[in-house]
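Below, each chain spelled out in residue letters.
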Amino acid sequence: MNKIINFTPAQSEYRGIGFINSHKSENKIMIIADEMISKTKSEKLKLLEIIVDRSNRIDLDRTKIRRLQIWMKKDYINAIVVRNIFELSTDINNLLQFMKQAEQLNVAIYSMETGLNPAYIPYYKR
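Below is a short write-up of the structure. Just so it is clear, the structure is predicted and the values come from calculations on it, not from any experiment.

**Let's talk about the side chain of Ser22**
Next up, step 1: As for its position among the elements, Ser22 is in the loop between β1 (14-21) and α1 (26-41).
Next up, step 2: Within the structure, the side chain of Ser22 is placed 3.0 Å from the backbone nitrogen of Lys24, a separation counted as a polar contact.
Next up, step 3: Setting aside residues no more than four positions away along its own chain, Ser22 makes contact with Ile29, Asp53, Arg54 and Arg83.

Dropping the structure here:
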């Protein structure tokens, strides 16, 4: 006897924003962006934009971070893709605050370094 299983189909593709904090050359930024795009395609994640932040600041009070927060608050994206979680902020308290905000808005933070939405922040030496 065959059993019929009803299921809700998964979302076919997630929408995300790439975030790169770097002072490297434009060519290097393009290489990083291409790597980010190709890596996320395998995760069914479409990057709508890649934000490049060249700021030296470590806190969240930055123009590019505010732009990222607008994308999150308006529910345009499901994910933020970073090379390393500390590109958002190297200040642990600020980073926790941002991650909590993202979680409340149902936005995953995808680290290319770990490949997952970090459930915790690893120990970070300054």
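**Description of α1**
Next up, step 1: Taking 1.5 Å per residue, 16 residues should reach 22 Å; α1 reaches 22 Å between its end C-alpha atoms and fits that length.
Next up, step 2: Within the sequence span of α1, burial applies to Ile29, Ile32, Ala33, Met36 and Thr40. For α1, the angular spread of the buried residues around the axis is 100°, confining them to a single face. In α1, those exposed residues whose orientation departs by more than 90 degrees from the buried face are Asn27, Ile31 and Lys41.
Next up, step 3: Where α1 is buried, its residues contact β1, β2 (45-53) and β3 (79-82).

**Quick word on the pairing of strand β4 (residues 108-111)**
Two faces make up the sheet, and in a regular strand the side chains alternate between them.
Next up, step 1: Inspection of the sheet shows β3 paired to β4 by 4 bridges, in the parallel sense. The residue of β4 that forms the bridge with Ala79 is Ala108.

**A short note on the pattern of salt bridges**
Next up, step 1: Per the counting criterion, the structure on display carries 5 salt bridges.
Next up, step 2: As a salt-bridge pair, Glu49 and Arg67 come within 2.2 Å of each other at their nearest N and O atoms. Separated by 18 residues along the polypeptide, Glu49 in strand β2 and Arg67 in helix α2 (residues 63-73) bring together distant segments of the chain.
Next up, step 3: On the basis of relative accessibility, which here comes to 22%, the residue Glu49 falls in the partly exposed class.
Next up, step 4: Assessed through its relative accessible area of 34%, Arg67 is described here as partly exposed.
Next up, step 5: Residues Glu87 and Arg83 are paired through a salt bridge, measuring 2.6 Å at the closest nitrogen-oxygen approach.

**Concerning the sheet that holds β2**
Next up, step 1: With parallel pairing, the 4 strands of this open sheet are ordered in space as β2-β1-β3-β4. The open sheet is flanked by β2 and β4, the only strands paired with a single partner. Taking the axes of each pair of neighbouring strands and ignoring which way they run, one obtains an average angle of 25° across the sheet.
Next up, step 2: Of the strand pairs in this sheet, β1 and β3 are connected by 4 bridges, and their pairing is parallel. Within β3, the position partnered with Phe19 by the bridge is Val82.
Next up, step 3: Running over the sheet, α1 touches β1, β2, β3 and β4 and is turned about 155° from β2.
Next up, step 4: Across the sheet, α2 is in contact with β1, β2 and β3; its angle to β2 comes to roughly 155°.

Calculation rules
- Residues numbered from 1 in each chain as written.
- Predicted model: local features only at pLDDT ≥ 70, side-chain atom pairs only at ≥ 80, totals over all residues.
- Heavy atoms only, no water.
- Helix = DSSP H or I, 4+ residues; strand = E, 2+ residues; numbered from the N terminus.
- Polar contact = N/O pair within 3.5 Å; in protein donor to acceptor, adjacent residues only side chain to side chain.
- Contact = heavy atoms within 4.5 Å.
- Expected span 1.5 Å × (residues − 1).
- Buried < 20%, exposed > 50% of the residue type's maximum accessible area, 1.4 Å probe, protein only.
- Arc of directions from axis to C-beta.
- Pairing = 2+ DSSP bridges.
- Salt bridge = Lys/Arg side-chain N within 4 Å of Asp/Glu carboxyl O.
- Axes fitted to C-alpha atoms, helices over the stretch in contact; angles between N-to-C directions.

No statement about biological role is implied by the geometric values presented.
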